Amino acid sequence: MNVKQIKAFGTEAADLDLKQLEIKRREVTSKDIEIDILYCGVCHSDLHFARNDWGFSVYPVVPGHEIVGKVVKVGEGVTKHKVGDVVAVGCLVDSCRTCKNCKNDLEQYCPAWVGTYGGHDKHLDLPTFGGYSETIVVDEHFVLKVPKNLDLAGVAPVLCAGITTWSPLRHWKVGKGSKVAVVGLGGLGHMAIKLADALGADVTLFSRSPNKTQNALDLGADRVVISTNEEQMASVQGHFDVIIDTVPYIHDINPYVGTLSTNGTLVLVGYLGPLEPMLHTVPMIMGRKSVAGSLIGGIAETQELLEFCGKHGIVSDIEIIKIQDINQAYARMLKSDVHYRFVIDMASLKT
Ligand code: NAP
Ligand code: ZN
Ligand code: ZN
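Here the residue numbers are simple positions, counted from 1 along each chain's written sequence. Just so you know, chain letters begin at A and ligand numbers begin at 1, following the order they were written in. Whole-chain, interface and lining totals are the exception, using all residues; otherwise, since this is a predicted model, local features are given only for residues with pLDDT of at least 70 and side-chain atom pairs are given and counted only at 80 or more. Hydrogens are left out, water is left out, and the side-chain values use all remaining heavy atoms of the structure.

**As for the overall build of the chain**
Reasoning step 1: Along its length, the chain carries 11 helices and 19 strands.
Reasoning step 2: Since a compact globule built from 351 residues should have a radius of gyration of about 20 Å, the 20 Å found for the chain is in line with a globular shape.
Reasoning step 3: The buried label goes to any residue with under 20% of its type's maximum accessible area, the exposed label to any with over 50%, and the partly exposed label to all in between, with areas taken from a 1.4 Å probe on protein chains only. Burial analysis of the chain (351 residues in total) assigns 56% to the buried set.
Reasoning step 4: Residues are treated as being in contact if the distance between any of their heavy atoms lies within 4.5 Å. By sequence separation, contacts in the chain at least 24 residues apart represent 67% of the contacts at least 6 residues apart.
Reasoning step 5: Think of it this way: Lys and Arg go in the positive column, Asp and Glu in the negative one, and His and the chain ends go nowhere. Here the site of a charge means atom NZ of a Lys, CZ of an Arg, CG of an Asp or CD of a Glu. Separation between the mean location of the 34 positive side-chain charges and that of the 40 negative ones in the chain comes to 4 Å. A run of H or I in DSSP becomes a helix once it reaches four residues, and a run of E becomes a strand once it reaches two; helices and strands are each numbered from the N terminus. Within these notes, the globule rule equals 2.2 Å times the number of residues to the 0.38 power, and the radius of gyration is based on C-alpha atoms.

Structural data, given as structure tokens:
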């Protein structure tokens, strides 16, 4: 297999800053597409993975799974995209294609799914490296079309922050009149508000940060409930059909379960790990309520979301940074000081 050395930004250990590295990419095989990366969004998962928060990072780590770029080369068997097309890659770059989940367009639940970074590139027998890099080579099945009317930097976060909130909104059939709440106003949270609002739902934000109230209303929320304010929490007891919880760290979800209506579902997408304090069953039993989880979305569903964003003119609210500013961006993300997604202008890696 022919390989190329390219420039990337990543880290060699959990306690080191990200810096410029050289990585190997395969040359295109028959079904592959080579993409020159224009923009890459910065997800809180990038930070978790760089710092080994989940305990399974493989170094070096090159994060980035909200990728928008231009096709520069295609394999001879490629039919979906051509050189010059603007395309996108999200969190998945491979899966088995034969299991029940793959056949049902749920590649994200395939036991053999390959993440855009930290997965295993079977062609090179190396970890996969993400979008904080000059180029990426991906099988055409996992490469998405970008609607022509959308801003290319703003659309990048749709590939993770967007699809991670869209998939549960669709699965739990959110539509006109649904009562939806979002916990945490960061990258995922702000996309959840925009998408639930565009689906016709009545949207509430739960936040710890009163200073984000006006922003949330401008993004499409109908109200904001400050989660530390008992009176405000009491005012929404039994209210929501669906809650999307995007908080990245351990937190008490019991107060939110109390705000679900009968048959309501709280969907965890942020925190990965055991809950503490424990989940109390009484509010769940006394109202047939559910606590669920959800992982990104499949390829067809991500394409559906991109078309929806094109139709409704939805992109992320972003702050563009240079790759050299990534460590400061991570420090700000840890302080919940992101409005509401950092996107890296990858031209900065070429300078
Ligand atoms: P983010 O931009 O940093 O936003 C997280 C928000 O959660 C913050 O802005 C803050 O909102 C709130 N928050 C942060 N720390 C908190 C704490 N200790 N207690 C309570 N609230 C807190 O992060 P993101 O990129 O949206 O990602 C959110 C989480 O989703 C991360 O853990 C990420 O790894 C995960 N994720 C999961 C999937 C999936 O498929 N399931 C996909 C992508 C990302 P307020 O200031 O409003 O409180
Ligand atoms: Zn992500
Ligand atoms: Zn599969």
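**Digging into the coordination of the zinc ion (ligand 2)**
Reasoning step 1: Within the first shell, the zinc ion (ligand 2) binds the protein through Cys-43 (SG), His-65 (NE2) and Cys-160 (SG), at distances of 2.0 to 2.2 Å.
Reasoning step 2: Here the coordinating atoms are restricted to nitrogen, oxygen and sulfur within 2.8 Å of the metal centre, or 3.2 Å for Na, K and Ca, and because water is not among them the sites may look incomplete. For the zinc ion (ligand 2), the single-chain donor residues occur in sequence as C-x21-H-x94-C. Residue His-65 is located in the loop between α1 (44-50) and β4 (67-74), and its partner Cys-160 is located in the loop between α3 (152-155) and α4 (161-171); the two are separated by 95 residues in the primary sequence. Accessibility classification places His-65 together with Cys-160 in one group, the buried group.

**Some thoughts on the packing of aromatic side chains**
Reasoning step 1: Centre distance within 6.5 Å is the pairing criterion for rings of Phe, Tyr and Trp, where only the six-membered ring of Trp is used; planes under 30 degrees apart are then read as stacked, over 60 as edge-to-face, and the remainder as tilted. Under the defined criterion, the tally for this structure stands at six aromatic pairs.
Reasoning step 2: Between Phe-49 and Tyr-117, the ring centres sit 5.4 Å apart and the planes meet at 65°, which makes this aromatic pair edge-to-face. Of the two residues, Phe-49 sits in helix α1 while Tyr-117 sits in the loop between β7 (114-115) and β8 (120-121), which places them 68 residues apart along the sequence. No difference in accessibility class separates Phe-49 from Tyr-117, as the two residues are buried.

**Describing the coordination of the zinc ion (ligand 3)**
Reasoning step 1: Listed as protein donors to the zinc ion (ligand 3) are Cys-96 (SG), Cys-99 (SG), Cys-102 (SG) and Cys-110 (SG); their distances from the metal cover 2.3 to 2.4 Å.
Reasoning step 2: For a four-donor site, all angles between 85 and 135 degrees give tetrahedral; for four or six donors, opposite pairs above 155 degrees with the remaining angles between 65 and 115 give square planar or octahedral; all remaining cases count as irregular. The coordination sphere of the zinc ion (ligand 3) comprises four donor atoms, whose angles at the metal cover 103 to 116°; the geometry is tetrahedral.
Reasoning step 3: Site description for the zinc ion (ligand 3): donor spacing in sequence, C-x2-C-x2-C-x7-C. Placement of Cys-96 in the loop between β6 (92-94) and α2 (100-103) and of Cys-110 in the loop between α2 and β7 is noted, with a sequence separation of 14 residues between them.
Reasoning step 4: The exposure class assigned to Cys-110 is buried, which follows from its relative accessible area of 2%.

**A few points about the site of ligand 1**
Reasoning step 1: Every one of the 28 residues lining ligand 1 counts as a neighbour, but His-44, Ser-207, Ser-209, Lys-212 and Arg-341 are closest to it.
Reasoning step 2: Under this definition, polar contacts are N or O atom pairs within 3.5 Å; protein pairs additionally need one hydrogen-donor-capable and one acceptor-capable atom, and for neighbouring residues in sequence, both atoms have to be side-chain atoms. In the model, an oxygen atom of ligand 1 is placed 2.7 Å from a nitrogen or oxygen of the Ser-45 side chain.
Reasoning step 3: One of the backbone N or O atoms of Gly-270 is found 3.2 Å from an oxygen atom in ligand 1.
Reasoning step 4: When ligand 1 is considered free in solution it has 930 Å² of accessible area, and contact with the protein chains removes 91% of it.
Reasoning step 5: Looking at the shell around ligand 1, the elements that each hand over two or more residues are α1 and α5 (187-198).
Reasoning step 6: When residues of the shell around ligand 1 are assigned to their parent elements, the largest contribution, three residues, is made by α1. One heavy atom within 4 Å of a molecule or strand is enough for the residue carrying it to be called near that molecule or strand. Only the protein chains shown count as covering a residue, and every accessible area follows the Shrake-Rupley method with a 1.4 Å probe.

**Focus on α4**
Reasoning step 1: Of all 11 residues in α4, nine are buried, a share of seventy percent or more.
Reasoning step 2: When α4 is considered as a whole, its buried residues turn out to be Ala-161, Gly-162, Ile-163, Thr-164, Thr-165, Trp-166, Ser-167, Pro-168 and Leu-169.
Reasoning step 3: The elements touched by buried residues of α4 are β12 (179-183), α5, β15 (240-245), β16 (260-268), α10 (299-312) and β19 (341-345).
Reasoning step 4: Positive backbone phi, approximately 55°, marks Lys-173, located one or two places after α4.

**Brief notes about the nonpolar core**
Reasoning step 1: As used here, the term nonpolar core means buried Ala, Val, Leu, Ile, Met, Phe, Trp, Tyr and Cys residues forming a set that is joined through side-chain atoms within 4.5 Å. Grouped together as the largest cluster of nonpolar side chains are 87 residues, with contacts concentrated most on Val-42, Tyr-132, Ile-193, Ile-326 and Tyr-330.
Reasoning step 2: Dropping the residues within four chain positions of it, Val-42 is found in contact with Glu-66, Tyr-132, Ile-321, Ile-326, Tyr-330, Met-333, Arg-341, Phe-342 and Ile-344.
Reasoning step 3: Met-233, Val-257, Leu-266 and Leu-268 belong to the second largest nonpolar core, which has 16 residues in total.

**So, the environment of Asp-252**
Reasoning step 1: As for its placement among the helices and strands, Asp-252 is situated in the loop between β15 and α8 (254-257).
Reasoning step 2: Separated by 120 residues in the primary sequence, Asp-252 and Tyr-132 place their C-alpha atoms 34 Å from one another.
Reasoning step 3: In contact with Asp-252, other than residues within four places in its own chain, are Glu-276 and Pro-277.
Reasoning step 4: Within polar-contact distance, the side chain of Asp-252 engages the side chain of Asn-254 at 2.9 Å.

**A word on the pattern of salt bridges**
Working definition: two side chains of opposite charge can pair if their charged atoms are close together.
Reasoning step 1: Salt bridges are defined by distance alone: a side-chain nitrogen of Lys or Arg within 4 Å of a carboxyl oxygen of Asp or Glu. Tallying each qualifying case throughout the model produces 17 salt bridges.
Reasoning step 2: Among the salt bridges present, the one from Glu-34 reaches Lys-4, with a minimum N-O distance of 3.0 Å. One end of the pair, Glu-34, is in strand β3 (residues 32-42); the other, Lys-4, is in strand β1 (residues 3-10), with 30 residues separating them in the sequence.
Reasoning step 3: Assessed through its relative accessible area of 5%, Glu-34 is described here as buried.
Reasoning step 4: Here Lys-4 falls in the partly exposed class, since its relative accessible area comes to 29%.

**Side note on unusual backbone geometry**
Reasoning step 1: In this model, Tyr-59 is joined to Pro-60 through a cis peptide bond whose omega is 0°.
Reasoning step 2: Inspection of the secondary structure puts Pro-60 in the loop between α1 and β4.
Reasoning step 3: Here the bond from His-339 into Tyr-340 is cis, since omega is -15°, no more than 30 degrees from zero.
Reasoning step 4: On the secondary structure map, Tyr-340 appears in the loop between α11 (326-334) and β19.
Reasoning step 5: Despite not being glycine, Asn-52 shows a phi value in the positive range, around 60°.
Reasoning step 6: One can find Asn-52 in the loop between α1 and β4.
Reasoning step 7: Overall, the relative accessible area of 29% leaves Asn-52 in the partly exposed class.

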